[in-house]
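# Fold and contact review
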Amino acid sequence: MPTLLDGRKISSDIKAEIKLKVEKMKDAGQRAPHLAIIIVGDDGASHTYVDGKIKACKAVGFDYTLMQFAATISEEKLLKHVDQLNSDSDIDGFIVQLPLPEHISVERVTESISPDKDVDGFVNQNFGSIISDSPLLMPATPFGVMELLKRYEIDTKGKDCVIVGASRLVGAPLALMMSHTGHATVTLCHKYTKDLSSHTQKADILVVAVGKPNLITREMVKEGAVVIDVGTTRVADATKKTGFKLSGDVDFENVSKIASYITPVPGGVGPMTIASLMINTLRAARHNQ
Ligand code: NAP
């Protein structure tokens, strides 16, 4: 059986470490880090993610401010709120929860966030700083994946790492981190990749971030591979009170029979994304206060 990469446990270890650092900041007369969260509309999954982020703020002792707007808010108004947060010295960092309604440009909104308050690590400047020697704020989900591997002492140096899914949010920044920080040899696959299996079968470390349940089957994975499943899709499940369950992109039941390490969904990468957000907020507070 593989070792389960327990994102919940590692995330709670990281939060305990941050809590101690926050207590020290307060003892030294500084205020606690302050995270603001903007959420637009009433998408159920987004509200669940935001609830998780607020719970984490409470656990580590951060202050937080939640700003909720109707889905009808104009882009111009939303940009004004972003501007206000950029210049509010009581706010160390903030996020705009995605997705946004279709009439609002995600790129225009995220690029208007001041890079030193961009605790999701979305802004182009922070993307680019992945390959700098002293990055301030890292893209949260890929950083969470790197941290999970590090905490389980999984060596990435010289390994063949195949990433399936090349989005701006996950796959593309992770490819840079894996090669720059992790010194792995990286293959980045996307929906135009020919013969996906021929790539995934070579992976010592396989990361999947697509959003298609069971895309990765047992035949596509090399025996002994480390498998990280970023995918999170709501799938109907009448046995659950909510009416759905969360599914990753990997056929966990069968792939776990041959993997050396594997993340569960839920409980793998998801909690690590929140832990990264807390790390980034602490870094932003130290930088901005
Ligand atoms: P996204 O923006 O939709 O990107 C999906 C990527 O997968 C794209 O690069 C796309 O290729 C590629 N793709 C689509 N079909 C493919 C196929 N059949 N074979 C290979 N590649 C394919 O999604 P995302 O924001 O990166 O999120 C991906 C998944 O991760 C979702 O399930 C999301 O919910 C989850 N997620 C989880 C966390 C977490 O904290 N656990 C955080 C973020 C995202 P093209 O580039 O060619 O379009």
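To be clear, the structure that these remarks concern was listed above.
Described below are features of the structure shown in this document. (Residues numbered from 1 in each chain as written. Predicted model: local features only at pLDDT ≥ 70, side-chain atom pairs only at ≥ 80, totals over all residues. Heavy atoms only, no water.)

Take the nonpolar core next. In terms of nonpolar packing, the biggest core is built from 52 residues, with Ile18, Phe62, Met178, Val207, Ile228, Val230 and Met278 touching the most fellow members. Looking at this core element by element, the count peaks at 10 residues for helix α10 (residues 269–288). When near neighbours in sequence (up to four residues on either side) are disregarded, valine 230 contacts Thr141, Val145, Val170, Val207, Val208, Ala209 and Val269. (Core = buried A, V, L, I, M, F, W, Y, C linked by side-chain atoms within 4.5 Å. Buried < 20%, exposed > 50% of the residue type's maximum accessible area, 1.4 Å probe, protein only. Helix = DSSP H or I, 4+ residues; strand = E, 2+ residues; numbered from the N terminus. Contact = heavy atoms within 4.5 Å.)

Attention now goes to the site of the ligand. Neighbouring the ligand are 19 residues; Ala166, Ser167, Lys191, Thr232 and Thr273 lie closest to it. Within the side chain of lysine 191, one N or O atom sits 3.0 Å away from an oxygen atom of the ligand. Its free accessible area being 930 Å², the ligand has 70% of it covered by the protein chains. Along the lines of polarity and charge, the residues of the shell around the ligand split into eight nonpolar, nine polar and two charged. (Near = heavy atom within 4 Å. Polar contact = N/O pair within 3.5 Å; in protein donor to acceptor, adjacent residues only side chain to side chain. Areas by Shrake-Rupley, 256 points an atom, 1.4 Å probe, with all protein chains shown as cover. Nonpolar A, V, L, I, M, F, W, Y, C, P; charged D, E, K, R; others polar.)

In this section: the pattern of salt bridges. The tally for this structure, following the rule as stated, stands at eight salt bridges. The partner of glutamate 147 in a salt bridge is lysine 150, and the shortest N-O contact between them spans 3.9 Å. Pair noted here: glutamate 147 and lysine 150 are both in helix α6 (residues 140–151), with a separation of three residues, about one helical turn. A relative accessible area of 8% means that glutamate 147 is categorised as buried. Note on lysine 150: relative accessible area 59%, which makes it exposed. Among the charged side chains, a network of salt bridges with common partners joins Glu17, Glu147, Lys150 and Arg151. (Salt bridge = Lys/Arg side-chain N within 4 Å of Asp/Glu carboxyl O.)

Next up on the list: the sheet that holds strand β3 (residues 63–69). Hydrogen bonds along the backbone pair up the strands of a sheet, which may run parallel or antiparallel. One open sheet holds the three strands; their spatial order is β3-β2-β4, and the pairing between them is parallel. Looking at which strands have only one partner, the edges of the open sheet turn out to be β3 and β4 (93–96). Taken over all neighbouring pairs, the strand axes of this sheet differ in orientation by 15° on average, direction set aside. Across seven bridges, strand β2 (residues 34–40) lies against β3 in parallel orientation. (Pairing = 2+ DSSP bridges. Axes fitted to C-alpha atoms, helices over the stretch in contact; angles between N-to-C directions.)

Further remarks concern the environment of serine 167. Inspection of the secondary structure puts serine 167 in the loop between β5 (160–164) and α7 (171–180). Separated by 19 residues in sequence, serine 167 and leucine 148 place their C-alpha atoms 20 Å apart. Reaching out from serine 167, the side chain makes a polar contact with the backbone nitrogen of valine 170 at a distance of 3.0 Å.

Across the sheet, which stays open at both edges, the six strands sit in the order β1-β11-β8-β7-β5-β6 with parallel pairing between neighbours. Because the sheet does not close on itself, it has two edges, and the strands there are β1 (3–4) and β6 (185–189). When β1 meets strand β11 (residues 261–262), the two strands line up parallel, connected through two bridges. By the bridge assignment for β11, threonine 3 is matched with tyrosine 261.

Here helix α3 (residues 75–87) spans 19 Å end to end across 13 residues, near enough to the 18 Å set by a 1.5 Å rise per residue. Residues of α3 that are buried include every one of Glu75, Leu78, His81, Val82, Leu85 and Asn86, and no others. Down the axis of α3, the smallest arc covering the buried residues is 145°, so these residues share one side. Residues of α3 that are exposed and point more than 90 degrees away from the buried face comprise Glu76, Lys77, Lys80 and Ser87. Summarising the contacts, the buried residues of α3 are in contact with β2, β3, β4 and α4 (106–111). (Expected span 1.5 Å × (residues − 1). Arc of directions from axis to C-beta.)

At their nearest, the axes of helix α2 (residues 44–60) and α10 sit 10 Å apart, and the two run at 50° to each other. Between α2 and α10, the crossing angle belongs to the class labelled oblique. Relative to α10, the crossing made by α2 is right-handed. Along the contact surface, α2 presents Gly52, Lys53, Ala56, Cys57 and Val60, while α10 presents Ile274, Leu277 and Met278. Per-class residue counts for the contact of α2 with α10 are six nonpolar, one polar and one charged. (Parallel < 35°, antiparallel > 145°, perpendicular 65-115°, else oblique. Left-handed = near helix turned anticlockwise from the far one by under 90°.)

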